[in-house]
Amino acid sequence: MGLVVHKYGGSSVGSPEKIGLVAEKIHAVRKEGKDVVVVVSAMEGDTDRLIRLAHEITPEPKEREMDMLLSSGERVTIALLTMALESLGCPAVSLTGRQVGIITDSAHTRARIKEIQADRIRDSIQEGKVAVVAGFQGIDESSNVTTLGRGGSDTTAVAIAAALDAELCVIHTDVDGVYTTDPNLVPKARRIDRISFDEMLEMASLGANVLQTRSVEFGKKYSIPILVKSTFQDGPGTLVTTEDEAMEQVLVSGVPFDTNQAKVTITGIPDKPGVAAKIFGSISDRGVVVDMIIQNVGESGLTDLSFTVPKTDAQVALKITKELAKEIGAKEAILDDRIVKVSIVGVGMRSHGGVAAKMFSTLAREEVNIMMISTSEIKISCVIEAKNTEKAVGALHEAFGLNQSETN
Ligand code: ADP
Ligand code: MG
């Protein structure tokens with residue numbers, strides 16, 4: 001008998017009525033004779049409410065305590081959903097991350113799964129019960145509660161599917177699949193039928209947060225197909241799977257954008273060896289991950305250096321950079337958080353030239369200034385002013401033939 005893992009996100013379990021609906025859907029799959037493991041997130045808005053509570057207590061809560069606090073949200077939903085299933089006559093049991101044996105590293109608030117023991121899930125299946133597992137959480141080797149970062153329940157679901165050798169992991173959310181770009185920004189965005197793991201990895205890490213990047217990594221590594229579907233309407237959804245020839249023929253598959261970026265610039269840096277090493281060494285020592293970097297050498301022998309970091313780390317990065325600017329005799333350090341990173345992604349870029357030129361000329365035509373550029377085999381990213389996001393994404397979406405009822 002086949003085993004499937006079904007994940008339901010926060011908006012899908014946001015009220016008792018919705019939890020009831022999810023229970024009915026799971027019951028229906030059970031009645032088809034499939035073994036089902038369910039992973040759920042906290043109720044929509046709950047995590048934000050808990051974060052606000054913490055900040056009413058202290059401006060800088062310890063990350064260990066944040067994890068303890070935030071992990072409570074999923075306890076609520078696993079219990080409620082299990083009650084709903086049982087009241088439909090569908091035997092079920094709720095399990096926390098600890099009970100499932102989801103072992104992570106100790107990086108609180110952004111932990112990575114190292115191992116899933118899953119014995120309790122196997123036992124539940126044996127007993128004919130639906131295991132309802134708390135997403136987003138695990139424990140480290142000292143039994144501290146950890147959480148996996150925004151979107152972490154996606155990763156819990158795919159990692160469990162891998163551990164149990166499931167045939168499929170279905171991610172249920174509030175959109176009916178993965179779109180060429182965020183359908184909430186671009187109404188002409190189009191649902192993608194099938195997308196390769198590599199493209200989805202790029203899409204997710206460049207801002208399409210419909211799936212957490214780590215979940216796609218697990219899917220790729222353990223060859224678990226991921227089906228993204230709507231909780232509320234029927235439809236084929238999007239299958240994330242191994243690349244095939246048809247996928248390669250599409251030049252650009254999507255235009256993801258990332259609004260969670262900030263740019264730090266240090267001006268008037270004396271142009272001598274070792275300065276960049278010093279700056280980026282200090283920043284990475286504080287656990288801040290730098291994304292894009294650009295350096296301009298001026299005529300006077302002074303240089304400007306800009307780099308981007310996640311918005312959440314911007315103040316830390318600015319503080320370090322200000323201190324260093326003084327130390328190395330640079331002019332000043334400035335923060336700009338009104339930026340966005342817009343990207344185009346497609347495996348077809350491997351074998352086609354001229355894609356970058358088309359991206360730049362499209363942005364130029366819209367009078368969108370490009371501040372930074374980075375490329376890899378299957379993606380090109382540009383940092384632009386945040387106020388131009390909609391215009392830039394819309395224009396690129398159209399230029400690469402992604403608008404609804406067009407093909408490329
Ligand atoms: P859940 O609570 O179910 O995990 P998320 O909010 O994490 O839901 O993910 C769904 C949201 O992802 C959508 O509502 C949509 O706004 C956003 N999104 C961003 N980019 C894309 C994309 N390319 N395709 C689909 N959804 C996207
Ligand atoms: Mg999500």
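Residues numbered from 1 in each chain as written. Chains lettered and ligands numbered in written order. Predicted model: local features only at pLDDT ≥ 70, side-chain atom pairs only at ≥ 80, totals over all residues. Heavy atoms only, no water.

Draft legend 1. Fine view of the site of ligand 1. Surveying the vicinity of ligand 1 reveals 18 residues, the closest of which are T173, D174, Y179, D182 and N184. Residue T173 places a side-chain N or O atom 2.7 Å away from an oxygen atom belonging to ligand 1. Note that a nitrogen atom of ligand 1 is positioned 2.8 Å from one of the backbone N or O atoms of Y179. A total of 570 Å² of accessible area belongs to ligand 1 in isolation, and the protein chains cover 83% of it. By residue class, the composition of the shell around ligand 1 is 6 nonpolar, 9 polar and 3 charged. (Near = heavy atom within 4 Å. Polar contact = N/O pair within 3.5 Å; in protein donor to acceptor, adjacent residues only side chain to side chain. Areas by Shrake-Rupley, 256 points an atom, 1.4 Å probe, with all protein chains shown as cover. Nonpolar A, V, L, I, M, F, W, Y, C, P; charged D, E, K, R; others polar.)

Draft legend 2. Here's a closer look at the side chain of T155. Position of T155 among the secondary structure elements: in helix α7 (residues 152-163). Polar contacts involving the side chain of T155 include one to the side chain of Q212, which spans 2.4 Å. The residues touching T155, leaving out its near neighbours within four places in the chain, are I113, Q212, R214, S215 and F218. (Helix = DSSP H or I, 4+ residues; strand = E, 2+ residues; numbered from the N terminus. Contact = heavy atoms within 4.5 Å.)

Draft legend 3. A look at the packing of α7 against helix α9 (residues 213-222). Direction vectors running N to C along α7 and α9 enclose 15°, while the axes themselves pass 8 Å from each other. In terms of their interaxial angle, α7 and α9 are classed as roughly parallel. Crossing angle aside, the handedness with which α7 passes α9 is left-handed. Counting all contacts with α7, which are made through D154, T155, V158, A159 and A162, the residues of α9 involved are R214, S215, F218, G219 and Y222. Residue classes in the contact of α7 with α9 are distributed as 5 nonpolar, 3 polar and 2 charged. (Axes fitted to C-alpha atoms, helices over the stretch in contact; angles between N-to-C directions. Parallel < 35°, antiparallel > 145°, perpendicular 65-115°, else oblique. Left-handed = near helix turned anticlockwise from the far one by under 90°.)

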